[in-house]
Amino acid sequence: MPTPSLDAQMALFAPYCGGRSREQDLLRVLAYWSGGEVRGVRSLMEASPHRFDLRWQPVRAPLESTACTLNIEAEPPLAYRFSVPAHQLMVWLMESGDRSDRLELPDRFWQWLLLEAGGEDL
């Protein structure tokens, strides 16, 4: 199936991702959504930051679950698998700022991953 147009994706995701007030953030994330991956860094207090790769299975609708893998460059390396509704991942990516090449996911994401997700450690 072909990927929906940008206008169609905006219409699907906007109601779940802050509506018109977050339109620019949503457009930024939709630009790389279909690629299914970003690289980023997790800053830590009084420690060196950890680089990570976040990969997801792009889906076409906001309520569909997307399977994700998070690989963290640490010693030893860490990897997590989890699934979330696509709109939730989209919101976390929107909250990460302007840079998709080296973003920093919000604290809300890390709290969810470590305390609530029950993500499968690989």
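The sections below set out a description of the structure shown in this document.

Calculation criteria
Residues numbered from 1 in each chain as written. Predicted model: local features only at pLDDT ≥ 70, side-chain atom pairs only at ≥ 80, totals over all residues. Heavy atoms only, no water. Core = buried A, V, L, I, M, F, W, Y, C linked by side-chain atoms within 4.5 Å. Buried < 20%, exposed > 50% of the residue type's maximum accessible area, 1.4 Å probe, protein only. Helix = DSSP H or I, 4+ residues; strand = E, 2+ residues; numbered from the N terminus. Contact = heavy atoms within 4.5 Å. Salt bridge = Lys/Arg side-chain N within 4 Å of Asp/Glu carboxyl O.

1. So, the nonpolar core
Here comes step 1: Among the nonpolar cores identified, the biggest contains 34 residues, and Leu54, Leu70, Phe82 and Leu93 are the most heavily contacted of them.
Here comes step 2: Of all elements in the fold, only helix 1 (6-13), helix 2 (23-33), strand 2 (47-56), strand 3 (65-72), strand 4 (78-85), helix 3 (86-94) and helix 4 (107-116) reach the threshold of two or more residues within this core.
Here comes step 3: The dominant element in this core, judged by the number of residues it contributes, is helix 3, at 7 residues.
Here comes step 4: The contact partners of leucine 70, leaving out residues within four places of it in the chain, are Phe52, Asp53, Leu54, Leu78, Ala79, Tyr80, Phe82, Phe109, Trp110 and Leu113.

2. Some details on the pattern of salt bridges
Here comes step 1: Taken as a whole and assessed by the stated rule, the structure comprises 7 salt bridges.
Here comes step 2: We note a salt bridge from glutamate 37 to arginine 55, for which the minimum N-O separation is 3.4 Å. Of the two residues, glutamate 37 is situated in strand 1 (residues 37-44) and arginine 55 in strand 2; the sequence distance between them amounts to 18 residues.
Here comes step 3: Aspartate 53 serves as the salt-bridge partner of arginine 39, at 2.6 Å between the closest nitrogen and oxygen. Residue arginine 39 is found in strand 1, and its partner aspartate 53 is found in strand 2; the two are separated by 14 residues along the sequence.
Here comes step 4: Using a relative accessible area of 45% as the deciding quantity, one classes arginine 39 as partly exposed.
Here comes step 5: Because the salt bridges share partners, they merge into one network encompassing Arg22, Asp25 and Arg28.

On their own, these measurements won't tell you what the molecule is for.
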